[in-house]
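The residues making up each chain are set out below.
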Amino acid sequence: MPSSDHRVRRFYERSPFPGYPPRDSLSALRARAARSEVARLLGDAIPPDALVLEIGCGTGQLSLFLASSGRTVVGADFARPSLRLARDAAIRYGVAARFVETDLRAPGLRPSSFDVVICSGVLHHTPDPRASFASVARLARPGGVLVIGLYNAYARLPLRARRAVARLSGFRWIPWDPVLRDRRAEPARREAWLRDQYQHPEEHRHTLREVQRWFRENGVDYVRAFPSALFGEEPGELFAQAEDDWAPEALVKQLGWMRTLGGEGGLFVAVGSKRD
């Protein structure tokens, strides 16, 4: 039987994620980023002179968006078909992002080199997300920022319920998925979302407290979560220190993410700062 790692690699070789819409352009990419609050906040928070790594970049859309403002951005992934799409888009857009092939669990990149390391939607698809995070954390320079996007254990529950219904129907019926509904006119991107969210061979789910423990184990100070894990607080600055870190409050907020994040898969972001 193929190993989990082999199955995941083969999965992304067959279905690069996320796909590009037909007749895509740099202006369309920026318009999509404008609709993503995380992308907008990253664009505002990352200085123009920062050296940025997106590890597990997939087809490179976030890397290209960040590089389109003149930043130095490296996108890294282990799936060659995804990297080919990313490089083709960089040429098409005229954006100077660099894309390299590497495995985030043993990255062929210099440790302590990057001002900002982004790893979103990736660690939860590795066999051991905790160990994978340790490999990623080593790439940030002292004082650098880590931005980690993961499926939340609570916010993922609505999609898991939709997936159970989908499997019972042989994937002929998938109820209440707003992304599939919005992509009805884009069959390729619709199929990419369906495979990534409903048919992935490896998936884990995590709580904010668990990720904070990973941070402590790897010399990373917790900065904040997005969405906020505090009542009455939304960050104007993604890299600004949260006002508090109270576990019961964070738990209640994560339960609320089932409503706010559950429609699109339950991905949350944790931000940390590498200690000097």
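The structure we're discussing is the one just above.
Everything numeric here is computed off the predicted structure, so don't read it as measured data.

Caption draft 1: Seen up close, the overall build of the protein chain. What the protein chain contains, in helices and strands, is 11 helices and 7 strands. Relative to the compact-globule value of 19 Å for 276 residues, the protein chain shows a C-alpha radius of gyration of 18 Å, a close match. Considered along the principal axes of its C-alpha atoms, the protein chain spans approximately 50 × 45 × 40 Å. Within the protein chain, the proportion of its 276 residues that are buried is 55%. Here the contacts in the protein chain between residues at least 6 apart in sequence split such that 72% fall between residues at least 24 apart. About 12,800 Å² of surface is accessible on the protein chain, with carbon and sulfur atoms providing 52% of the total.

Caption draft 2: Representation of the nonpolar core. Ranked by size, the top nonpolar core spans 36 residues in total, and within it Leu42, Ile46, Leu64, Leu66, Ile118 and Phe239 carry the most contacts. Looking at this core, the elements that each hand over two or more residues are helix H2 (26–34), helix H3 (37–45), helix H4 (61–67), helix H5 (80–93), strand S4 (114–120), strand S5 (140–151), strand S6 (220–226) and strand S7 (267–274). Residue contacts for Leu66: discarding those within four places in its chain leaves Leu42, Gly43, Ile46, Val52, Arg71, Val73 and Ile118.

Caption draft 3: Broad picture of helix H6 (residues 129–137). For H6, a buried count of 7 out of 9 residues is recorded, marking the element as mostly surrounded by other parts of the structure. Along H6, the residues that are buried comprise Pro129, Ser132, Phe133, Ala134, Ser135, Val136 and Ala137. For H6, the elements touching its buried residues are strand S1 (51–55), S4, S5, helix H10 (208–217), S6 and S7.

Caption draft 4: Geometry of unusual backbone geometry. In this chain, Phe226 is followed by Pro227 through a cis amide linkage whose omega measures -5°. By the secondary structure assignment, Pro227 is in the loop between S6 and helix H11 (247–260). In the Ramachandran plot, Arg23 falls in the positive-phi region, its phi being about 55° despite a non-glycine side chain. Of note, Arg23 is situated in the loop between helix H1 (4–14) and H2. Given a relative accessible area of 82%, Arg23 falls into the exposed group.

Caption draft 5: Broad picture of the environment of Val269. As for its placement among the helices and strands, Val269 is situated in strand S7. Between the C-alpha atom of Val269 and that of Arg224, which follows or precedes it by 45 residues, the distance is 8.5 Å. Those residues within four positions of Val269 in sequence are excluded, and the remaining contacts are Val38, Val147, Ile148, Gly149, Arg224, Ala225 and Phe226.

Caption draft 6: Spatial organisation of the sheet that holds S1. Across the sheet, 7 strands lie side by side as S3-S2-S1-S4-S5-S7-S6; this open sheet has mixed pairing. Of all the strands in the sheet, just strand S3 (98–101) and S6 have a single pairing partner and so form its edges. With direction set aside, neighbouring strand axes in the sheet form an average angle of 20°. Bridge count for strand S2 (residues 72–77) against S3 is 4 bridges, and the pairing is parallel. The residue of S3 that forms the bridge with Ala76 is Val100. Relative to the sheet, H6 contacts S1, S4, S5, S6 and S7, its axis offset from that of S5 by approximately 150°.

Rules behind the numbers
- Residues numbered from 1 in each chain as written.
- Predicted model: local features only at pLDDT ≥ 70, side-chain atom pairs only at ≥ 80, totals over all residues.
- Heavy atoms only, no water.
- Helix = DSSP H or I, 4+ residues; strand = E, 2+ residues; numbered from the N terminus.
- Rg over C-alpha atoms; globule rule 2.2 N^0.38 Å.
- Buried < 20%, exposed > 50% of the residue type's maximum accessible area, 1.4 Å probe, protein only.
- Contact = heavy atoms within 4.5 Å.
- Areas by Shrake-Rupley, 256 points an atom, 1.4 Å probe, with all protein chains shown as cover.
- Core = buried A, V, L, I, M, F, W, Y, C linked by side-chain atoms within 4.5 Å.
- Pairing = 2+ DSSP bridges.
- Axes fitted to C-alpha atoms, helices over the stretch in contact; angles between N-to-C directions.

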